[in-house]
Amino acid sequence: MAEIEREAMEYDVVIVGAGPAGLSAAIRLKQLDADINVVVLEKGSEVGAHILSGAVLDPCGLDALIPDWKEKGAPLNVPVREDNFYMLGEAGKLRVPNWPMPPLMNNHGNYIVSMGNVCRWMAEQAEELGVEIFPGMACSELVFDDKGGVKGVVAGEFGKEADGSHGANYEPGMELHGKYVFLSEGVRGSLSKEVIAKYDLSQGHEPQKFGLGMKEIWEIDPAKHKEGTVTHTMGWPLGGNAGGGSFIYHLENNQVYVGFVVHLNYKNPHLFPYMEFQRFKHHPMVADLLKGGKRVAYGARAISEGGYQSMPKMVAPGVALLGCSVGMVNVPRIKGNHNAMLSGKAAAEAAHAAIAAGRSADELSDYEAEVRDGAIGKDLKKVRNVKPFWSKWGLVPSLVLGGFDMWTNTMGFSLFGTQKHGKTDAAATEPASKHKPIDYPKPDGTLSFDRLTNVAFSFTNHEESQPAHLQLSDPAVPVKVNLPEYAGPAARYCPAGVYEFVSEEGKDTRFVINFQNCVHCKTCDIKDPSQNITWVTPQGGDGPNYPNM
Ligand SMILES: Cc1cc2nc3c(=O)[nH]c(=O)nc-3n(C[C@H](O)[C@H](O)[C@H](O)COP(=O)(O)OP(=O)(O)OC[C@H]3O[C@@H](n4cnc5c(N)ncnc54)[C@H](O)[C@@H]3O)c2cc1C
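Residues numbered from 1 in each chain as written. Predicted model: local features only at pLDDT ≥ 70, side-chain atom pairs only at ≥ 80, totals over all residues. Heavy atoms only, no water.

This part is about the sheet that holds strand β17 (residues 255–263). Remark on secondary structure: sheet strands pair via backbone hydrogen bonds, oriented parallel or antiparallel. The mixed open sheet is built from seven strands, whose spatial order is β6-β5-β15-β16-β17-β14-β18. Unpaired on one side and paired on the other, β6 (93–95) and β18 (294–304) mark the two borders of the sheet. Put simply, the sheet's adjacent strands are angled 20° from each other on average, direction ignored. Looking at chain direction, strand β14 (residues 210–219) and β18 are connected through ten bridges and run antiparallel. Looking at β18, one finds that E219 is bridged to K294. (Pairing = 2+ DSSP bridges. Helix = DSSP H or I, 4+ residues; strand = E, 2+ residues; numbered from the N terminus. Axes fitted to C-alpha atoms, helices over the stretch in contact; angles between N-to-C directions.)

Encoded structure:
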């Protein structure tokens, strides 16, 4: 095929992704220099459309970035008033008191927010400062300079046919060049993955670890709604099958965020994370709360869990990785938005200083130093052993040991050094023959829903004529390897029902990819045991359209 010619636009800094990390970087750059040219490219149809977080927000990132956020009308309207933690059994619950928890686990001073709305507000702040923001623009390729550094991205390619050829309405998109390119794509970013591989940025670091977070918004009976209440649970229904737990946050307008996270290092390929979430809502504590209410939205997204020891090198010539493209979630707190914001601020400060000194296209090593040694590194270092303890010893021992280690780390030391994570989540999957299938109850259509019904509540949409954005390295692997060896786990780990094994009499089993259902969570790219699925961006504007996730 002939080389595609594209127009190029020149900027000082090109930012991929309008999440908290990318928007913070854009705002900080403009605060430092009103004349700096900054562009933010977002694949969602609007800013916020692809944002999915819990979310209890620690405002420390926003305090550092926009100290007068209250006066400026930031949508942080619901302070946390009550903080509960329960261990669940199938029918019962045990309240874990707050006093043995290290202070870092305390949610007082934090806010229950819609991060989608926080990002929409941040985008307004950025635009007022002169940042150009282009939603509906997926960045599909990196552009390299002649020395092998990153000089830009391709964004806005539209109109490819299913076979990859250029249809009648083909638009080649544009190249956006910058003195520096910031990749703030969130967890398992597709361009970030390429950069990490090309420059071998993971070398010397532990593999990144992940969870799958699923979330519904419910409107509940006002009599049961307690604005500002935060509840976390562990235990049932996952038991010993996988790490993870739930969150229930009461926000405004009688709405409740009900979410469930399953750590993706589970061994049993029969596990069905989505059905674990649905089953969880039948626990008496949750069912009582939701009865009489209605589910108004659904979504899912992977969450980075590797923490301190898994952060790869985050700079290479011309490019820096921000936020959860690096993986900055504090796992026991289930919080990464504050660190995403702080990383955006730090990257902006490093790029601003470099540009002011006449530099470009080199490594922003000051940014990396600030992340590792500054507030983000300190936040993550204290909790670095919680996830490895959990993976090695299971829930209860890890609560005791992890709790103890967080306390000693709060005092400045650890008896355990820095524990390793070991395997990737894909490699943790064991053959199906070593495990028993799990029998999941059928959704009742009131509290629990089948996947496709719920996917309709993510309002996801993909132009059907384009190539599937879930690409198989070897199309034979799902049926020849993953089905006999791992009982076809893609049919279960995907929370949107994208993957199906279709068997018809007299025909060979087929692996079908319903990419139109995809909610951009990236779980397939992470958990496929053969590492045969690559998530690339579909055309811009496609994907979920989350309201106030
Ligand atoms: C279920 C769940 C619950 C969570 N709960 C909390 C919580 O309560 N508190 C908390 O602080 N944190 C929480 N987190 C973690 C938090 O969501 C992340 O730490 C945070 O979103 C990271 O911000 P980010 O800007 O790095 O990435 P994101 O928020 O993921 O934003 C990335 C943006 O980049 C866009 N993008 C990606 N690739 C491209 C591309 N190639 N081209 C154009 N655009 C692109 C995406 O569409 C998205 O808008 C939770 C996460 C999950 C999944």
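Turning to the sheet that holds strand β3 (residues 56–57), a few remarks are in order. What the three strands build is an open sheet, ordered β3-β7-β4; its pairing is antiparallel. Strand pairing shows two members of the sheet lacking a second neighbour, β3 and β4 (78–79), which therefore form its edges. Judged from the two bridges that link them, β4 and strand β7 (residues 111–112) form a sheet pairing that is antiparallel. Residue pairing in the sheet places P79 in a bridge with Y111 of β7.

One pass over the full model with this rule turns up 23 salt bridges. E157 is paired through a salt bridge with K160; the nearest N and O atoms lie 3.9 Å apart. Residue class for K160 comes out partly exposed when judged on its relative accessible area of 31%. A salt bridge links E305 to K387; the nearest nitrogen and oxygen atoms lie 2.6 Å apart. With E305 in the loop between β18 and β19 (315–316) and K387 in helix α10 (residues 386–393), this pair connects stretches of sequence that are 82 residues apart. (Salt bridge = Lys/Arg side-chain N within 4 Å of Asp/Glu carboxyl O. Buried < 20%, exposed > 50% of the residue type's maximum accessible area, 1.4 Å probe, protein only.)

Glancing now at helix α4 (residues 190–198). Taken residue by residue, α4 has S190, L191, S192, V195 and I196 as its buried positions. Those residues of α4 that are buried lie in contact with β9 (139–144), β10 (150–155), β13 (174–183), β20 (319–321) and β24 (533–535). Just past α4, the residue D200 takes up positive phi, approximately 50°. (Contact = heavy atoms within 4.5 Å.)

A negative phi holds for most residues other than glycine; trans holds for most peptide bonds. Look at the link from G54 to A55: it is a cis peptide, with omega at 0°. Residue placement: A55 occurs in the loop between β2 (38–42) and β3. Here W236 and P237 are connected by a cis peptide whose omega angle stands at 5°. Here P237 lies in the loop between β15 (229–235) and β16 (244–250). In this model, K522 sits at a positive phi of 80°, which is unusual for a non-glycine residue.

Next up on the list: the site of the ligand. Neighbouring the ligand are 36 residues, the closest being E42, S53, G54, V56 and C324. One of the backbone nitrogen or oxygen atoms of P20 is found 3.2 Å away from an oxygen atom of the ligand. At 3.2 Å, a side-chain N or O of R301 approaches an oxygen atom of the ligand. Surface burial for the ligand is 97%, taken as the share of its 1,000 Å² of free accessible area covered by protein chains. The greatest single-element share of the shell around the ligand, amounting to three residues, is contributed by β18. (Near = heavy atom within 4 Å. Polar contact = N/O pair within 3.5 Å; in protein donor to acceptor, adjacent residues only side chain to side chain. Areas by Shrake-Rupley, 256 points an atom, 1.4 Å probe, with all protein chains shown as cover.)

With the rule as written, the count across this model stands at twelve aromatic pairs. Centroid distance F389 to F416: 5.0 Å. Interplanar angle 80°. Geometry classified as edge-to-face. Of the two residues, F389 sits in helix α10 while F416 sits in the loop between α11 (395–410) and α12 (425–428), which places them 27 residues apart along the sequence. For F389, a relative accessible area of 0% corresponds to the buried category. Counting every residue linked through ring pairs, the aromatic cluster contains F260, F277 and F280. Above the face of the Y257 ring, K215 is positioned so that its terminal group lies 3.7 Å from the ring centre. A cation sits over an aromatic face here: K527 above Y266, 4.2 Å from the ring centre. (Phe/Tyr/Trp six-rings, centres within 6.5 Å; stacked < 30°, edge-to-face > 60°. Lys NZ or Arg CZ within 6 Å of the ring centre and 35° of its normal.)

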